[in-house]
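Residue strings, one per chain:
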Amino acid sequence: KKIYLTFSLITISCGLYESKDDIGVSDKVYVALQGADTVRVVNFGTGTLESIAINYDNEGNEPHFISIDEINRYWFVTAFKSGWVARYNLDTNELIDKVMVGNKPALMVLNKAGKKLYVSRMMRMMGNLNNSTFIQEIDYSDPGTMTAIDYEIGAPEPHGIAINSDGSEVYTASYGSDWLFKLKLLSDSQNIEEIALEFGYSLDKSDPNNNRLKPVQCVSVRDSLLLVSCEAGIWNAESNPGQVHLWNTNTMTRKDTLHFDLHSKPWHIINSPNTNRVYVALKGHFDFDNYPDSDGVACVSYDENSLNLEWLVHSDEFIGLHGIDISDDGHRLYVSGRIDGKLHVLDTQDGTVLQSIKLGPKFSSQPSGVAYYSN
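(A) Geometry of the layout of surface pockets. Approximately 1,100 Å³ is the volume found for the largest pocket. Counting residues per element, the ones that place at least two in the lining of the largest pocket are strand E5 (63-69), strand E9 (105-111), strand E13 (158-163), strand E17 (215-221), strand E23 (266-271), strand E27 (321-326) and strand E31 (367-374).

(B) Structural context of the packing of aromatic side chains. Tallying each qualifying case throughout the model produces 10 aromatic pairs. Ring geometry for Trp75 and Tyr88: centres 4.1 Å apart, planes at 5°, overall stacked. Placement of Trp75 in strand E6 (residues 74-79) and of Tyr88 in strand E7 (residues 84-89) is noted, with a sequence separation of 13 residues between them. Among the residues examined, Trp75 registers a relative accessible area of 0% and is labelled buried. By relative accessible area, Tyr88 is classed as buried at 1%. Aromatic ring contacts, followed pair by pair, group Tyr30, Trp75 and Tyr88 into a single cluster. The side chain of Arg212 reaches across the aromatic face of Tyr201, ending 4.0 Å from its centre.

(C) View of the sheet that holds strand E8 (residues 95-100). Here we have 4 strands laid out as an open sheet, ordered E5-E6-E7-E8, and antiparallel in their pairing. Both edges of this open sheet fall to E5 and E8, since each of them pairs with a single strand only. Strand-to-strand twist across the sheet, computed as the mean angle between neighbouring axes with direction ignored, equals 20°. In the sheet, E5 pairs with E6 via 6 bridges, with the strands oriented antiparallel.

(D) Focus on the pairing of E23. Of all 6 residues making up E23, 5 are buried, and the element is well covered by its neighbours. With 4 bridges joining them, E23 and strand E24 (residues 277-282) adopt antiparallel strand pairing. Paired with Pro266 across the bridge in E24 is Leu282.

(E) Spatial organisation of the pattern of salt bridges. All chains considered together, the criterion is met by 15 salt bridges. Among the salt bridges present, the one from Lys184 reaches Glu193, with a minimum N-O distance of 3.0 Å. You can call Lys184 partly exposed: its relative accessible area is 24%. Taking the shortest distance from any N to any O, the salt bridge between Arg254 and Glu198 comes out at 3.5 Å. Taken together, the positions of Arg254 in strand E22 (residues 253-259) and Glu198 in the loop between strand E16 (192-196) and E17 put the pair 56 residues apart, joining distant regions of the chain. Residue classification places Arg254 among the partly exposed positions, given a relative accessible area of 29%. Salt bridges here are not isolated pairs; linked through shared partners, they connect Glu198, Arg212, Glu238 and Arg254.

(F) Region of the structure containing the environment of Asn276. Mapped onto the elements, Asn276 comes out in the loop between E23 and E24. Residue Asn276 is classed as partly exposed on the basis of its relative accessible area of 35%.

(G) Here's a closer look at the side chain of Ser120. Here Ser120 shows up in strand E10 (residues 116-121). Judged by its relative accessible area of 0%, Ser120 is buried. Setting aside anything within four residues of it in sequence, one finds Ser120 in contact with Lys104, Pro105, Ala106, Leu107, Ile135, Pro158, His159 and Ile161.

(H) Seen up close, the pairing of E31. Of all 8 residues in E31, 7 are buried; the element is thus mostly enclosed. Sheet topology places strand E2 (residues 27-33) next to E31; 6 bridges connect them, and they run antiparallel. Opposite Val31, over in E31, you have Val370 as the bridge partner.

The rules behind these values
- Residues numbered from 1 in each chain as written.
- Predicted model: local features only at pLDDT ≥ 70, side-chain atom pairs only at ≥ 80, totals over all residues.
- Heavy atoms only, no water.
- 1 Å grid on protein atoms, 1.4 Å probe; cavity = no way out; pocket = protein on both sides within 12 Å on 5 of 7 lines; lining within 4 Å.
- Points joined across faces, edges and corners; volume = space filled by probe spheres on them.
- Helix = DSSP H or I, 4+ residues; strand = E, 2+ residues; numbered from the N terminus.
- Phe/Tyr/Trp six-rings, centres within 6.5 Å; stacked < 30°, edge-to-face > 60°.
- Buried < 20%, exposed > 50% of the residue type's maximum accessible area, 1.4 Å probe, protein only.
- Lys NZ or Arg CZ within 6 Å of the ring centre and 35° of its normal.
- Pairing = 2+ DSSP bridges.
- Axes fitted to C-alpha atoms, helices over the stretch in contact; angles between N-to-C directions.
- Salt bridge = Lys/Arg side-chain N within 4 Å of Asp/Glu carboxyl O.
- Contact = heavy atoms within 4.5 Å.

Right under this line is the structure:
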């Protein structure tokens, strides 16, 4: 199999969309176009789009998720199909190096102080028999070469992943068997605590069919709280609404559950940098003609013991939402439309849609992971 090591950066043109005056002029948003083997960089200062080709493998790469380390000046992307995790220079967008992790890498979280990257695995989709039972830690302290080690958790498709503020604990949730894991990284024995997301349904953590809840993504807040978005839906003829869970990670107990519509499919989730709120992209039903308002964006507030829905917005611009990120000041959300081919910009206060920027063709470009960066 031929491996391409070359770097490709193409600036498409100026003035492809109108940059709003009330959106930060130094803001950039990186979006993985999984269907186009491309990362788009939306530059709100210049009103331009840049295109970075993800061309490590001639059989396709499918970039899925992006994480940015603005301290050490890197950005990272997972290539779902080819199995690479790549590191780029944040200032030049040049490829620095990449490491093969195999078996469909998905989401990432960063320990920027420790220069460590934690990578989850893709859930099964459309008959895929992928049953990865590990996550990976990538050390990027060397400026030229990354190295990876495995953490075996024994449950299939650990897709949701989060990290606490000092990098001492990583949390992952199994999409395949509805189990939650806490990896205590500073322990001499690298202890792992585990618990079923809902007792009574997922008793066997290794069973890839015990996924009534289907957790998709996690976010750590206040270092003792974890919010988990769960796709849910129809399972063994049982109807389960989309959900967001609130967990206490000190006691590994679930404190509250917020339910959405049966077809809502809560997907990626991001926390506010300055309020007790998280924002959830609702993927919605794949039959968007018959379920036009199943997708949307939700704002959820939290305290130590409870969750509350602050607002939920739908738009004719939305079709199949996927990734989500937030500006540093907490005022703007950036949400990708996997089917509509757009990046949507929303006001965090009330969910007003400020812009919808076309990134690629509808259906085929498949915008997925989103990462915000301010110069």
